[in-house]
Amino acid sequence: MIQIICTLVLFLLILFPVGNYIYHISAGKKTWADPLFDRVDNVIFKSLRIDRSPMSWKQYALHLLLVNACLVAAGYLILRLQSVLFLNPNQIGNMEESLSFNTIISFMTNTNLQHYSGESGLTYFSQMAVIIMMMFTSAASGYAACVAMVRGLLGQRMGNFYEDFTRITTRFLIPAALLVGLFLVWQGVPQTLASNITVTTLEGKFQNLARGPIAALESIKHLGTNGGGFLGANSSTPLENPTILTNLAELYSMMILPAACVVTFGRMAYDTLRQRKAANTKISLSQTDSARGKGMGKEGRTIFLVMSLLFLLGLGLCFWSESQGNFAVENSGIVQPAGNMEGKEVRFGIAQSSLFTTVTTSFTTGTVNNMHDTLTPMGGLVPLLHMMLNVVFGGAGVGLMNMLVYVIIAVFICGLMIGRTPEYLNKKIEGREMKLAALCLIIHPLLILGFSALAVACQSGLEGITNPGFHGLTQVLYEFSSSAANNGSGFEGLADNTLFWNVTTGMAMFFGRYISIVLQLGIAGSLMKKGCVSTSAGTLRTDTPTFAVVLVVVVYLFAALTFLPALALGPIAEALTLGI
Amino acid sequence: MRHHESSKWITKEILGSSLKSAFYKLNPKVMMKNPVMFVVEIGFFICLTLTFVPSLFHDKGTNLSLMNGIVALILFITVLFANFAEAVAEGRGKAQAETLKKTKKDTQARRIQADGSEQWISASQLNKGDVVLVKAGELIPNDGEIIAGVASIDESAITGESAPVLKESGGDFASVTGGTTVVSDWIQIRITSEPGHSFLDKMIALVEGATRQKTPNEIALNTLLVSLTLIFFIVIVTLYPIALYSGVKIPISTLIALAVCLIPTTIGGLLSAIGIAGMDRVTRFNVIATSGKAVEACGDVDTLILDKTGTITFGNRLASEFLPVSGVRPEALRDAAWISSLHDETPEGKSTLELAVKQGCRLDEAAAQGSFIEFSASTRMSGQDTANAKYRKGSSDAIIEVVRQLKGQVPADLKEKVDHVSQLGGTPLVVCRDAEILGVIYLKDTVKPGLVQRFERLRKIGIKTIMCTGDNPLTAATIAAEAGVDGYIAECRPEDKIAAIKKEQAEGKLVAMTGDGTNDAPALAQADVGLAMNSGTSAAKEAANMVDLDSDPTKILEVVEIGKQLLMTRGSLTTFSIANDIAKYFAIIPAIFSLAIPQMQVLNIMRLASPSSAVLSALIFNAVIIPCLIPLAMKGVHYKPMSASKMLGRNLMIYGAGGILCPFIGIKLIDLMIAPLLVCLGI
């Protein structure tokens, strides 16, 4: 408990400086590192002859899709031809078509669902040129879409995709990945291009020890909320996550970008609202109170609080449930003083495991330091639920975008209740925005429930399920939630490297990612063009505790209620039959 | 069902016609316009089929046919209730349209030909630009402008006001409305509207709801409701195979029941009724809105631009104070003022009498008998000649002139007093008795009672008021301070009004204004909400999006509140409807799963008697909540001005928290009632 609190408090301490830095990058403000990075960026833009003029929302979305499509094509070729390409000391063969399709979509969509095991499925070249490359680019794409959406909501021009994409990569992702990578190497994570080694164990047996450029992958895996491990066992193996320090570093790296996006949003919103106020009241900017803009502004704070509350509720349930232990084990007369330790690393224990589990699914990273399949039913409900909500901080950028859709829904209902047509950040929410927001709401349950129903209804789907009963259903729900939310964590246990599972999860990941992003950019584009309405005592305030509570309830009502029947048959039924 | 008890929002005739039209609306073609209820109707048809062919989907269960039949019946009633709600709202409009239609008889008109001869033709043949002559006792055939003549006209057919109004050519009182009657004299009218498009025609169409289109906000809300319906549709369709995998075979009728419980039927069934009722509330208020959009926009108004005269003040200058010159007792001035006004029928004279009596004047009327000298433009004074003396009151120049002629003295402090009153924006009336000047009556433009509080209320909900007046800045400031408006524009010309509206709009504010003159038309068109007076010119009425039949400019304040109330009703019922889902889940989920998974009974926190009674209770609750909420939808939620945060908190408590709790209680009560019945039926 104290461990968890300390970890989270420490996170808040690093969030503000980093958030401040990301805000400066996003808003195009000066930072101390500009002299260096401006030169780097200029070289990139000049050599590639990139047009840096602002785009409309359609152009922005199109360029994002095109860049992603090119990367997918290149990555797919590499995976299919990896055996004959260089850097293949362990003689790994080409990847099969459906698995390549699944893998490439998985990494491009920031999901990192893995139906392969890194040590046996990928060459070092594939790990670097496909996996690590996509870990940077998918995170940068998500972030870019988010900044564009925020700009649109605030009535600014959407910006230029290439500019946003490059700025976050050169100014944050690469330097931060370098720092974290070096830290991991210091803590003992391997970073080499040499082949695997065979060691003699204490028992005199031989064991193959996988190695490779693990630290390089490990750092961006978390920073970009990607989550796909170099090795099959992901961050639960000592090779990826050797010490408590690396565990913390990995936790913080995956939390930082999604949370910093909220800070960035808050600061940008604060700036815009302040400028509008000054323009309306004819007071110069310097006269208005600027001190409150530090931190994350009032609008950002509301969203941060809502996300934090959802996060803490989930974390509490997971931690409590894991500490209680497994009732089936208890009933058989075995005492569990440390809680449910099945599938957990002894060095992390219940606290760091349940924290990691909640973080990785809330911040939609998908890396694991314990096996989610062996969580207690209610403990396993939390990661599942948070992927179904997909707004508890969420993946780099896209989590905030999803939350903003819920904000629009909440504003719509609350606005009516005070007798005004709804507005958010001085922009009227009307039919067109509601239509797009409604589609965003529909797509997520459609993918998760639709594909789950398909899986349990057809033979090829059923074949993948390895557990009978309720737990088997949870496996299926988990797999598709993880895909649709672009999380990528596996419940494991599912025999998922088959044509059926590769194709269905591939589609869930693809639609879950791109349809949402395009719709959300569409909302921003439509709001951007609208005139601003003024604020008065009769305006709905979105920076109050009341609104925060409403938003929490809206998220639970709209997202959780949708999944309740399915959850009732999965983890809830399992918990009840085990006697909680 | 409560609608039998409540008499305010429904009458016997409306009830009858609404019931009929509730059935008529079952036609799927009509139902399609309301997607949420259309889904319920489809559910009804499926359940109906399953009543007769229970094994269509290989469902198993005891008395399945009966159970399906009951579900079908409840679904049928649910749709009927929703249709009934809409029909009641429409019925109220229709009843009003009927009264209007009665005035629209086929009249004959006396058209004046180009050569000056008269020709009798039917009013429906009159075209725009024709000139007609209308004499006393005849109906005006269509809307038009008076081009010659003066007449008093009875407009009670439209306004309900029986006192005739005077109309004459030129100026702001030249427009006449078709369907009204000329009571005296004659007028020549140039027709300004095509047959079938007169003001009366438009009003009838509006009130009847024939041209009713969904407002932008209604469309947006409908989108949300449809998407919720779709989401729950996905949930239900996928639940079948998922449950099957877990070893639970859910009967189709139960799935449909769950779907209908979850989709927002409450708000879906009442949404159009709320919209129609909102318009209707405005109409009942004798204001005709050209579109629902205008009423909705009222809720968003940030700034009200109000004319001073007529809207904020009575426009008549009323006596408010007696200011005696030095050396004169206040009582002497008071009594002299009383005598001088004894037979004065003007508002100034009447108010002087009132003020004098209020201040303690106890003179006997008989003692003051004499001859009354009426006010005239040339003498600029009025008064009374009694047996003892001549009393006069009038403008200071005129009185001084008279006193000088009689060789009387002009008191030294008179000019100071007169100037003081003028500066405050008042009108000074000087009172004299023979050659002695007694003092000054301070005539003041009086703010209408209750307005100060009204403006205070508006300020609370964030609406700014700006007063426009042709007065000088000093006078304007005095009245503005007295009325408590937030700003004023003095020496205001029509173009200043437009400039003020544009300035507010540039700041992102929605502006409402009232006006009646031709000069006001551009400003009315520019404003987001323009309320024209029925007494005003047709240009003004054409430009505005609302017309007040009673020509009472202060009504804009109420109309704004009605607009807000309309939106609040929509929001509150949506919240209520969605919040209901929690309890319904707790009723139905354990019910459908507990046969296969007995441990699920833990979730049956309402302790409902049996799975089928749980499903039916939730479904019945879902149906009866619609008629229970019809009165609320008709009257609108209770509206009290307060800040947005407070109002949100209050409505969230009532409709949000209430929406969560209420179905828990309701479903439990219904379960208690129907459980024994179901046992008897063997379900």
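Note that this is a predicted model, so its numbers are computed, not measured.

Conventions and cut-offs
- Residues numbered from 1 in each chain as written.
- Chains lettered and ligands numbered in written order.
- Predicted model: local features only at pLDDT ≥ 70, side-chain atom pairs only at ≥ 80, totals over all residues.
- Heavy atoms only, no water.
- Helix = DSSP H or I, 4+ residues; strand = E, 2+ residues; numbered from the N terminus.
- Buried < 20%, exposed > 50% of the residue type's maximum accessible area, 1.4 Å probe, protein only.
- Polar contact = N/O pair within 3.5 Å; in protein donor to acceptor, adjacent residues only side chain to side chain.
- Contact = heavy atoms within 4.5 Å.
- Disulfide = S-S within 2.5 Å.
- Pairing = 2+ DSSP bridges.
- Domains from an automatic or database assignment.
- pLDDT = per-residue confidence, 0-100.
- Salt bridge = Lys/Arg side-chain N within 4 Å of Asp/Glu carboxyl O.
- Buried area = accessible area lost by both parts, 1.4 Å probe.
- Nonpolar A, V, L, I, M, F, W, Y, C, P; charged D, E, K, R; others polar.
- Axes fitted to C-alpha atoms, helices over the stretch in contact; angles between N-to-C directions.
- Parallel < 35°, antiparallel > 145°, perpendicular 65-115°, else oblique.
- Left-handed = near helix turned anticlockwise from the far one by under 90°.

Residue and element names in this part refer to chain B. Assignment of secondary structure puts Lys167 in strand 6 (residues 165-168). Given a relative accessible area of 2%, Lys167 falls into the buried group. Side-chain polar atoms of Lys167 contact the backbone oxygen of Ser175, separated by 2.8 Å. Here Lys167 is in contact with Ile146, Gly149, Val150, Ala151, Ile153, Glu155, Phe173, Ser175, Val176 and Ser535, once residues within four sequence places are set aside.

In this section: the state of the cysteines. Residue and element names in this part refer to chain A. Applying the stated criterion across every chain yields a total of zero disulfides over all chains. There is no disulfide at Cys6, and the cysteine sulfur nearest it, in Cys318, is 19 Å away. A relative accessible area of 45% places Cys6 in the partly exposed class.

Let us now look at the pairing of strand 5 (residues 150-154) of chain B. Residue and element names in this part refer to chain B. Pairing between strand 5 and strand 6: four bridges, direction antiparallel. Note on strand 6: the bridge partner recorded for Ile153 is Val165. Sheet analysis places strand 5 next to strand 8 (residues 181-191), joined by four bridges and oriented antiparallel. Among the inter-strand pairings, Ile153 is bridged to a residue of strand 8, identified as Val182.

Once the domains are mapped, chain B shows domain 1 (12-95 + 207-283 + 560-670), domain 2 (127-194), domain 3 (287-312 + 448-549) and domain 4 (316-442). Each of domain 3 of chain B and domain 4 of chain B has a C-alpha centre, and these two points are 36 Å apart.

Here we come to the confidence of the model for chain B. Residue and element names in this part refer to chain B. Of the residues in chain B, 95% reach a pLDDT of 70 or more, and the chain-wide mean stands at 86. Summarising per-element confidence for chain B, the mean pLDDT is lowest in helix 5 (residues 156-159) (68) and highest in helix 3 (residues 35-52) (95). Low pLDDT, under 50, characterises residues 1-7; the stretch is placed with 10 contacts to residues that sit more than four places away or in other chains. The ipTM for the predicted assembly is 0.93, set against a pTM of 0.87.

Enumeration according to the criterion identifies 45 salt bridges over all chains in this entry. With a closest N to O distance of 3.7 Å, Arg570(B) and Glu218(B) form a salt bridge. Taken as a pair, Arg570(B) in helix 20 (residues 555-593) and Glu218(B) in helix 7 (residues 216-245) lie far apart in primary sequence, 352 residues in all. The exposure classification of Arg570(B) matches that of Glu218(B), with both residues buried. Several salt bridges share partner residues, and in doing so they unite Arg420(A), Glu423(A), Lys428(A), Asp300(B) and Asp302(B) into one network.

Contact residues are listed per partner, giving 55 residues for chain B and 58 residues for chain A. Buried surface at the junction of chain B and chain A, summed over both partners, amounts to about 4900 Å²; 77% is from carbon and sulfur atoms. By the criterion of area lost to chain A, the three top residues of chain B are Ile242(B), Tyr245(B) and Leu648(B), representing 14% of everything that side buries. A salt bridge links Asp300(B) to Lys428(A), with the shortest nitrogen-to-oxygen separation between them at 3.5 Å. For the pair chain B and chain A, the interface holds nine residue pairs in polar contact (both at pLDDT 80 or more). When the residues that make up the side of chain B that touches chain A are grouped by side-chain class, the tally is 31 nonpolar, 14 polar and 10 charged.

A separate point is the packing of helix 6 (residues 124-153) of chain A against helix 7 (residues 161-187) of chain A. Residue and element names in this part refer to chain A. Running from amino to carboxyl end, helix 6 crosses helix 7 at an angle of 130°, the nearest separation of the two axes being 9 Å. Taken together, the axis directions place helix 6 and helix 7 in an arrangement best described as oblique. The crossing of helix 6 and helix 7 is right-handed. Residues Phe136, Thr137, Ala139, Ala140, Ser141, Tyr143, Ala144 and Arg151 of helix 6 touch helix 7, and the partners they reach there are Phe161, Asp164, Phe165, Ile168, Thr169, Leu173, Ile174 and Ala177.

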